[in-house]
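# Examination of the molecular architecture
One-letter residues, chain by chain:
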Amino acid sequence: MDRAGVRRVACALRLPCADKPAAPCPASRLAHFDPVEPGKLRQIEQAEDALPELGFAEPRVRRHGDVARVEPVLGELARASGGARLAVLGAGRSTGFRFVALDPAGVRSGAFTLPSVPARI
């Protein structure tokens, strides 16, 4: 059964979680083979919590060692790289990241499992 099927069954059973948004595991923000450690997860969580305070909806922060790769939703990309650029930089650095990179592809589910160089964008 796929996710849509689970939602249909939950809706039919009138479960309160039927329309709950997906919540990917925080470990999915770590690069492959990067050991899962509480401090790393806390750092990612703090960075992701700081961005909505700046007005960004559901951003993702991927951890590449001392680099935070920020993935805003596409409609917020211009603001993240323009007027809010320094605030985004500050949000990443305040949580201990040395560098903050803005991903122009925006939020993508499973971004660490995507090919490094896609055939098409």
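Below is a short write-up of the structure. All values reported here derive from a predicted model rather than from experimental measurement.

In this fold, Arg-79 is placed in helix α3 (residues 77-81). Note: C-alpha distance between Arg-79 and Gly-55 (24 residues apart in sequence) is 9.9 Å. If we skip the residues at most four places from it in the chain, Arg-79 touches Leu-54, Gly-55, Phe-56, Ala-84 and Arg-85. In this structure the side chain of Arg-79 is engaged in a polar contact, spanning 3.2 Å, whose partner is the backbone oxygen of Leu-54.

To continue, consider the sheet that holds strand β3 (residues 99-102). The mixed open sheet is built from 3 strands, whose spatial order is β1-β2-β3. Sheet topology places β1 (60-64) and β3 at the edges, where each strand pairs with a single neighbour. Direction aside, the axes of adjacent strands within the sheet are offset by 25° on average. Note that strand β2 (residues 67-71) and β3 share 4 bridges and pair parallel. Bridging across to β3, Val-67 finds its partner in Phe-99.

We now examine the side chain of Glu-76. Along the chain, Glu-76 falls in the loop between β2 and α3. Dropping the residues within four chain positions of it, Glu-76 is found in contact with Gly-55, Phe-56 and Ala-57.

To continue, consider the packing of aromatic side chains. A complete count under the given rule lists 0 aromatic pairs for this structure. Here the basic side chain of Arg-79 rests over the ring of Phe-56, its NZ or CZ set 4.0 Å away from the ring centre.

Attention shifts here to the state of the cysteines. Cysteine pairs can be linked by a disulfide, which is a covalent bond between their two sulfur atoms. Within the structure shown, the criterion is met by 0 disulfides. With no disulfide partner, Cys-11 has as its closest neighbouring cysteine sulfur the one in Cys-17, 10 Å distant. A residue is classified by how much of its surface remains accessible, and Cys-11, at 53% relative accessible area, is exposed. This cysteine, Cys-25, is not joined by any disulfide, and Cys-17 carries the nearest cysteine sulfur, 18 Å off.

Before going further, it helps to examine the pattern of salt bridges. Counted under the stated rule, the structure contains 7 salt bridges. Put simply, Glu-48 and Arg-29 hold a salt bridge, and the shortest N to O gap is 2.7 Å. Remark: Arg-29 occurs in the loop between α1 (3-12) and α2 (38-53) and Glu-48 occurs in helix α2; sequence separation between them is 19 residues. By relative accessible area, Glu-48 is classed as buried at 13%. One salt bridge connects Arg-69 with Asp-103, and the closest N-O pair in it is separated by 2.8 Å. Taken together, the residues Arg-69 in strand β2 and Asp-103 in the segment after β3 connect sequence positions 34 residues apart. On the basis of relative accessibility, which here comes to 14%, the residue Arg-69 falls in the buried class. When salt bridges that share partners are traced, they join Asp-34, Glu-37, Lys-40 and Arg-63 into one network.

Conventions used here
- Residues numbered from 1 in each chain as written.
- Predicted model: local features only at pLDDT ≥ 70, side-chain atom pairs only at ≥ 80, totals over all residues.
- Heavy atoms only, no water.
- Helix = DSSP H or I, 4+ residues; strand = E, 2+ residues; numbered from the N terminus.
- Contact = heavy atoms within 4.5 Å.
- Polar contact = N/O pair within 3.5 Å; in protein donor to acceptor, adjacent residues only side chain to side chain.
- Pairing = 2+ DSSP bridges.
- Axes fitted to C-alpha atoms, helices over the stretch in contact; angles between N-to-C directions.
- Phe/Tyr/Trp six-rings, centres within 6.5 Å; stacked < 30°, edge-to-face > 60°.
- Lys NZ or Arg CZ within 6 Å of the ring centre and 35° of its normal.
- Disulfide = S-S within 2.5 Å.
- Buried < 20%, exposed > 50% of the residue type's maximum accessible area, 1.4 Å probe, protein only.
- Salt bridge = Lys/Arg side-chain N within 4 Å of Asp/Glu carboxyl O.

Taken by themselves, the reported measurements are silent on function.
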